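Residues per chain are reported as follows:
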Amino acid sequence: MQICKISSEQTMLLRQRVLWRNETTEFCRVDGDEDASHFGAFINDNLVCVASVYLTQGKARLRKFATDTDYQNQGVGSEMLNHIIQSLKSTEANLFWCDARESALGFYRRFGMTPYGVRFYKQGIPYFKMKLAL
């Protein structure tokens, strides 16, 4: 597997296929995409995982983390998250955070992230904010 920086455009098809199957790729755009860092994991030249990091005032926010369903539960997302956390250590970021589905809290905890705040909902799905001091 190779993980490298990619363009925001390269993230769109996988974002759409995994996160918003019933929406257009245009719907998958996020304010700030043009200034964010986007990462892609490739297996045999196929893009199988994407994640975007938005850096603001020393805080790095993970968003739109998506792994192709054929590659889920195989460690791809773990390698991606580890790569991102390591790369952030050479930036001005001192905090890494994300909105995590409640069902994924265990995944993020494996990387030392801790929940903070109260449960909230997006489209009926329970989430918590997770953070990691860098």
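**Q** If you had to explain the pattern of salt bridges to someone new, which residues and values would you point to?
**A** This structure, assessed with the given rule, holds seven salt bridges. For Glu9, the salt bridge goes to Arg29, with nearest N and O atoms at 2.6 Å. Here Glu9, found in helix 1 (residues 8-19), pairs with Arg29, found in the loop between helix 1 and strand 2 (37-43); they are 20 residues apart in sequence, far enough to count as distant. For the salt bridge of Asp33 with Arg15, the shortest nitrogen-to-oxygen distance reads 3.0 Å. Of this pair, Asp33 sits in the loop between helix 1 and strand 2 while Arg15 sits in helix 1, placing them 18 residues apart in sequence. Considered together, Asp33 and Arg15 belong to a single accessibility category, that of buried residues. A single salt-bridge network, built from bridges that share partners, covers Arg61, Asp99, Lys122 and Lys129.

**Q** Hey, could you go over the layout of surface pockets for me, with residue numbers and the actual values?
**A** Counted as a void, the largest pocket has a volume near 1,000 Å³. Along its surface, the largest pocket is lined by 34 residues, and Leu19, Phe65, Ala66, Arg101 and Tyr108 are the ones closest to its centre. Looking at the lining of the largest pocket, the elements that each hand over two or more residues are helix 1, strand 4 (59-67), helix 2 (76-88), strand 5 (95-101), helix 3 (105-109) and strand 7 (125-133). Among the elements that line the lining of the largest pocket, the one with the most residues is strand 4, at seven residues. Across the lining of the largest pocket, the residue classes break down as 17 nonpolar, nine polar and eight charged.

**Q** Any chance you could break down the pairing of strand 7 for me, citing the residues and the numbers?
**A** As paired elements, strand 5 and strand 7 share seven bridges and run antiparallel to each other. Within the sheet, the bridge partner assigned to Arg101 lies in strand 7 and is Tyr127. In this structure, strand 6 (residues 114-122) lies alongside strand 7, joined through six bridges in antiparallel fashion. Bridge pairing in strand 7 links Tyr121 to Pro126.

**Q** Requested: an account of the nonpolar core, with residues and values cited.
**A** In this structure, Leu62, Phe65, Met80, Leu81, Ile84, Phe96 and Tyr108 are the most contacted members of the largest nonpolar core, which totals 27 residues. If you tally residues by element for this core, the top one is helix 2, at six residues. Of all hydrophobic cores here, the second largest spans five residues; its members include Ile6, Leu14, Phe42 and Ala66.

Criteria and thresholds
- Residues numbered from 1 in each chain as written.
- Predicted model: local features only at pLDDT ≥ 70, side-chain atom pairs only at ≥ 80, totals over all residues.
- Heavy atoms only, no water.
- Salt bridge = Lys/Arg side-chain N within 4 Å of Asp/Glu carboxyl O.
- Helix = DSSP H or I, 4+ residues; strand = E, 2+ residues; numbered from the N terminus.
- Buried < 20%, exposed > 50% of the residue type's maximum accessible area, 1.4 Å probe, protein only.
- 1 Å grid on protein atoms, 1.4 Å probe; cavity = no way out; pocket = protein on both sides within 12 Å on 5 of 7 lines; lining within 4 Å.
- Points joined across faces, edges and corners; volume = space filled by probe spheres on them.
- Nonpolar A, V, L, I, M, F, W, Y, C, P; charged D, E, K, R; others polar.
- Pairing = 2+ DSSP bridges.
- Core = buried A, V, L, I, M, F, W, Y, C linked by side-chain atoms within 4.5 Å.

Purely geometric numbers; function is a separate question.
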